[in-house]
Amino acid sequence: DQQVKQNSPSLSVQEGRISILNCDYTNSMFDYFLWYKKYPAEGPTFLISISSIKDKNEDGRFTVFLNKSAKHLSLHIVPSQPGDSAVYFCAAIASGNTPLVFGKGTRLSVIA
Amino acid sequence: GAGVSQTPSNKVTEKGKYVELRCDPISGHTALYWYRQSLGQGPEFLIYFQGTGAADDSGLPNDRFFAVRPEGSVSTLKIQRTERGDSAVYLCASSPRDYPWTGELFFGEGSRLTVL
């Protein structure tokens, strides 16, 4: 059973537009949520995170929104750039010594 | 370099053989993690070390998989009697594990294992 779900395997967006990547989770004990970005032949790199006590966190072009009642979070990238083309993983952690749990990822393609 | 280093980057082996994958974490990071990423999947947790001891090995799929970190720095993931289903990218990550830990991991580039 997947605790973190990314139901869209791929997304294509035009340069300059908004990219919205979605993530759902099932474990109500999760209290931190993270987004990682992965380029081919590289390891995932941390992008942005949000605590469960917040509903929004913004860092430059990247904003993460959290809806706890719906167990849903989303990553918004505005404006999208060709260099944003990568696989984006949603991840979550429960407090304590539990491992970080990843979704399957969404491949974003930003078209110039 | 200052990042997490993994060797080999690619390993091709035959079914039934023994394989070792090495991870050199960021200097000073006390926590070290092994994840496995199969095609079309996200990283799946295997094992976590805090210092020299395995704090959580609940993700190891079976007893063919074993990992060590004898001096609290470099770690080796060992796979015995490899099977074709073991083919994946094995990712190592480290973290300073400051409290409260918010989940940020620093990943290496991974070791791609192919079992023929």
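Structure: above.
Below is a summary of the structure that appears in this document.

Rules and cut-offs
- Residues numbered from 1 in each chain as written.
- Chains lettered and ligands numbered in written order.
- Predicted model: local features only at pLDDT ≥ 70, side-chain atom pairs only at ≥ 80, totals over all residues.
- Heavy atoms only, no water.
- Helix = DSSP H or I, 4+ residues; strand = E, 2+ residues; numbered from the N terminus.
- Buried < 20%, exposed > 50% of the residue type's maximum accessible area, 1.4 Å probe, protein only.
- Contact = heavy atoms within 4.5 Å.
- Core = buried A, V, L, I, M, F, W, Y, C linked by side-chain atoms within 4.5 Å.
- Disulfide = S-S within 2.5 Å.
- Buried area = accessible area lost by both parts, 1.4 Å probe.
- Polar contact = N/O pair within 3.5 Å; in protein donor to acceptor, adjacent residues only side chain to side chain.
- Nonpolar A, V, L, I, M, F, W, Y, C, P; charged D, E, K, R; others polar.

It is worth spelling out the side chain of Thr76 of chain B at this point. Residues and elements named next belong to chain B. Structurally, Thr76 can be placed in strand 8 (residues 75-79). Thr76 gets classed as buried once you look at its relative accessible area, which sits at 16%. Look past the residues within four positions of Thr76 in its chain and what remains in contact with it is Glu20, Leu21, Trp34, Phe66, Ala67 and Val68.

What follows concerns the nonpolar core. In this structure, Phe33, Trp35, Leu73, Leu75 and Tyr88 of chain A are the most contacted members of the largest nonpolar core, which totals 24 residues. Elements with a contribution of two residues or more to this core: strand 3 (19-25), strand 4 (30-38), strand 5 (45-51), strand 7 (62-67), strand 8 (72-77), strand 9 (86-94) and strand 11 (106-111) of chain A. Sort the elements by how many residues they give to this core and strand 9 of chain A lands first, with five residues. Filtering out sequence-adjacent residues up to four positions away, Phe33 of chain A remains in contact with Tyr25, Ile48, Ser49, Ile50, Ser52, Leu66, Leu73, Ala91 and Ala92 of chain A. The next biggest cluster of nonpolar side chains, apart from the first, holds 20 residues, and it includes Val4, Leu21, Cys92 and Val115 of chain B.

Note on terminology: disulfide describes a covalent bond linking the sulfur atoms of two cysteines. Scanning the model with the defined rule gives two disulfides over all chains in all. A sulfur-sulfur distance of 2.0 Å marks the disulfide that ties Cys23 of chain A to Cys90 of chain A. Negative torsions about the S-S bond denote left-handed disulfides, and the value of about -75° found for Cys23 of chain A with Cys90 of chain A makes this one left-handed. One end of the pair, Cys23 of chain A, is in strand 3; the other, Cys90 of chain A, is in strand 9, with 67 residues separating them in the sequence. The same class applies to Cys23 of chain A and to Cys90 of chain A, which are both buried. The residue that forms a disulfide with Cys23 of chain B is Cys92 of chain B, at a sulfur-sulfur distance of 1.8 Å. Across the S-S bond of Cys23 of chain B and Cys92 of chain B the torsion is about -70°, and the bridge reads as left-handed. Taken as a pair, Cys23 of chain B in strand 3 (residues 19-24) and Cys92 of chain B in strand 9 (residues 88-95) lie far apart in primary sequence, 69 residues in all.

Moving on to the interface of chain B and chain A. It is common to give the size of an interface as the accessible area lost on bringing the parts into contact. Residue-level contacts link 19 residues of chain B with 19 residues of chain A. For the pair chain B and chain A, the summed buried area comes to about 1,600 Å², and 60% of that belongs to carbon and sulfur atoms. When residues of chain B are sorted by the area they lose upon contact with chain A, Pro43, Thr102 and Phe107 of chain B head the list and together hold 26% of the total. Counting across the chain B and chain A interface gives three residue pairs in polar contact (both at pLDDT 80 or more). Taken together, the residues of the side of chain B that touches chain A break down into eight nonpolar, seven polar and four charged.

Just geometry here; none of it tells us what the structure is for.
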